[in-house]
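A structural walkthrough
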Amino acid sequence: MSTPLAAENEQETYALTLRHTGRDGAPTPHYLTTLRQLDGAASWRVIHAPESGNGSVTLRLPRGRWAVYGTLTDGEHTTHLVHPDLDLSATRTLELDARLGRPVSVTVPDPSAVQLNAQVSFDDSVGRRIFLSDRFENMATAQLGPDRTYDDVVTGVAGTWTHAGTGGTDAGARTYRLAWFHDGGMITGFHREVARRDLATIHTDHAAHLPGRHRRAAVARLGDGRGGIADMAIGFTTPSTYTEYVNGDRGARWQRFFLEDGPGTEEGPEGEEGAEAETVLESPPTRYTPGRVHRESWNRGVFGPVLTPQDGVSDALVRSGGSIRVDVPMYGDGAGHSGTARTTGARVALYRDGDLITERPGLGAKFTVPAEAARYRLVVEAERGAPATLSTRLSVAWTFRSEEAEGTVPLPVSVVRFSPPLDARNTAPGGVPYRVPVTVQAQPGSAAGTSRDLVVEVSYDDGATWSRAPVHGGGAVLRHPAAGGFASLRATSTDTAGNTVEQTVIRAYRIVPANRR
């Protein structure tokens, strides 16, 4: 069978025959093979080899270098074969023989843990291929072609195990998330026997906010950021505490995620996902040391803007040449995890020397500004409605000086972080004095100074009236009403460089009436 490609400018082409052989040694029609050109102007082109009854297919392709990715299926078992760089400078035949595949095998310390997913990812200069299964025993892999290494190629192996219900939608208390990376080519088989000493332990406490479905997930990367491989999202309920075990081979870092889907985003028919999550929290890529125990708290208020650095520098608010770019994660949690949420309204406005340049809907914007130095005021506002009951209105106003600079420079701004000791349902007691720790976080990598003047105010009527709260030792001292309700918080700070921030959080947390404690 031949599938010719149209010649462009009398392009030099050659025939490439792909012969697919099953594990039984016979030709197989059960394959999915794709090819991607690695050089030339057509490096974007992906070609799918058509199925044939005898497992053999001939393509006429432009001369050049091609990556070939083949998956051969035998019931639940799949063999994944990759030729990272096939030189097509003459007529060629490539054998995609499942018998070349070698098993992938990983054992975890707890033999009763159930594997939920298994994946092998292959990253090269033109993209990524991900090969999936429910468990490693159903996978085999091999690299085709010469026995050599290739630059800019990373293969990842990752899996998730847990004590879970059917499909992992009712996760148990212990989960293993493991990932390994191999430089230079596709793995030809893989074997690991993991001991508890090889793993870091993470005890994670998740507070409750929204009703509905909740998920936790993770992405593993090498220490230099290459080879990101996403682990499976696991459904669970809140409030809850879970234990996860992760490895750190070759300095691997884990970026963890928490998602609240809300009652309107349940799974659709046949397990399809519904609309996007109501809220998403994420950590920066973190190295967890094997043999150590780590404790983390997620989804506790106060929810507000967080300037979390990536590799030491934040890009939430930056000046780049003649533009100011705004992309602030407005719904981070009290522990400092960066966060986004579905909003019912949002706007960004930029003023220069007191004059409005422009305002735009949404939480992200890019403004063109003059090169000369000036005093700017940047305002970001957001609202969200049901099912959210906390941080229903947020606003931040920054003032700072800025002028054109080489490269991308973080703006000299700060945010205010409130971290009260809320319980597992994001509530605080009524009728008692209550201390709310307050910190002013300068944007990492920026020229923002330290806070020299901090004022905190509290409202118990959704911002209609405000009262100043005394601040002592890094905390604001409040007096909660016995009747309960919600506390709203407002803070103003000026740093040592003269930059200011004014931040308001309406319904920062719920207060439980004194007679219900």
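See the structure above.
Here goes a summary of the coordinates provided. Every chain begins its residue count from 1, and numbering advances along the sequence as written. The model is predicted, so local features are restricted to residues of pLDDT at least 70 and side-chain atom pairs to those at 80 or more, both for listing and for counting; the totals for chains, interfaces and linings are taken over all residues. As a rule here, side-chain values cover all heavy atoms of the structure and leave hydrogens and water aside.

Here we come to the pairing of strand E30 (residues 374-383). Remember that side chains alternate between the two faces of the sheet whenever the strand is regular. For strand E27 (residues 345-352) and E30, the ladder comprises eight bridges, and the chain directions are antiparallel. Residue pairing across strands places arginine 347 opposite glutamate 381, the latter belonging to E30. As judged from the 10 bridges shared by E30 and strand E31 (residues 393-402), these two strands associate in the antiparallel manner. From the neighbouring strand, valine 379 faces E31, where its bridge partner is alanine 397. Strands were regarded as paired on the criterion that DSSP finds at least two bridges between them. Here a strand is any run of E in DSSP of at least two residues, a helix any run of H or I of at least four, and the numbering for each starts at the N terminus.

Below, the discussion takes up the environment of serine 297. Note on placement: serine 297 falls in strand E23 (residues 293-298). Categorising residues by exposure relies on relative accessible area from a 1.4 Å probe, with only protein chains included: less than 20% of the type maximum marks a residue as buried, more than 50% marks it as exposed, and the intermediate range marks it as partly exposed. Given the relative accessible area of 27%, serine 297 is considered partly exposed. Once the C-alpha coordinates of serine 297 and glutamine 255 are considered, the two residues, 42 residues apart in sequence, prove to be 15 Å apart. In contact with serine 297, other than residues within four places in its own chain, are Asp205, Asp333, Ala335 and His337. For this analysis, residues touch if any pair of their heavy atoms sits within 4.5 Å.

Attention now goes to the sheet that holds strand E32 (residues 408-410). As summarised here, the arrangement of the four strands in space is E29-E25-E24-E32, forming an open sheet in which the pairing is antiparallel. The open sheet has two edge strands, strand E29 (364-368) and E32, and neither has a second partner. With strand direction ignored, the average angle separating the axes of adjacent strands in the sheet is 20°. Axis lines are fitted through C-alpha atoms, for helices just across the contact stretch, and the angle between N-to-C directions can take any value from 0 to 180 degrees.

Bringing the nonpolar core into the picture now. Core analysis: the biggest nonpolar cluster contains 49 residues, and Leu317, Val326, Leu378, Trp398, Phe418, Leu489 and Tyr509 have the highest contact counts within it. Once you skip the residues sitting within four places of it in the chain, tryptophan 398 turns out to touch Leu317, Val328, Tyr376, Arg377, Leu378, Val380, Val413, Ser414, Val415, Thr500 and Val501. In plain words, nonpolar cores are sets of buried Ala, Val, Leu, Ile, Met, Phe, Trp, Tyr and Cys residues tied together by side-chain atoms within 4.5 Å.

This part is about the pairing of strand E3 (residues 31-37). Counting buried positions over the seven residues of E3 gives six, a clear majority of the element. Bridge count for E3 against strand E6 (residues 64-74) is seven bridges, and the pairing is antiparallel. The partner of arginine 36 across the bridge, within E6, is alanine 67. Bridge count for E3 against strand E4 (residues 46-48) is three bridges, and the pairing is antiparallel. By the bridge assignment, arginine 36 is partnered in E4 with valine 46.

Moving on, we come to the sheet that holds strand E39 (residues 475-479). What the four strands build is an open sheet, ordered E33-E35-E39-E38; its pairing is antiparallel. Two strands close off the open sheet at either side, each with one partner strand: strand E33 (414-418) and strand E38 (471-472). The pairing of strand E35 (residues 433-442) with E39 spans five bridges and is classified as antiparallel. Of the residues in E39, the one forming a bridge with valine 436 is alanine 476.

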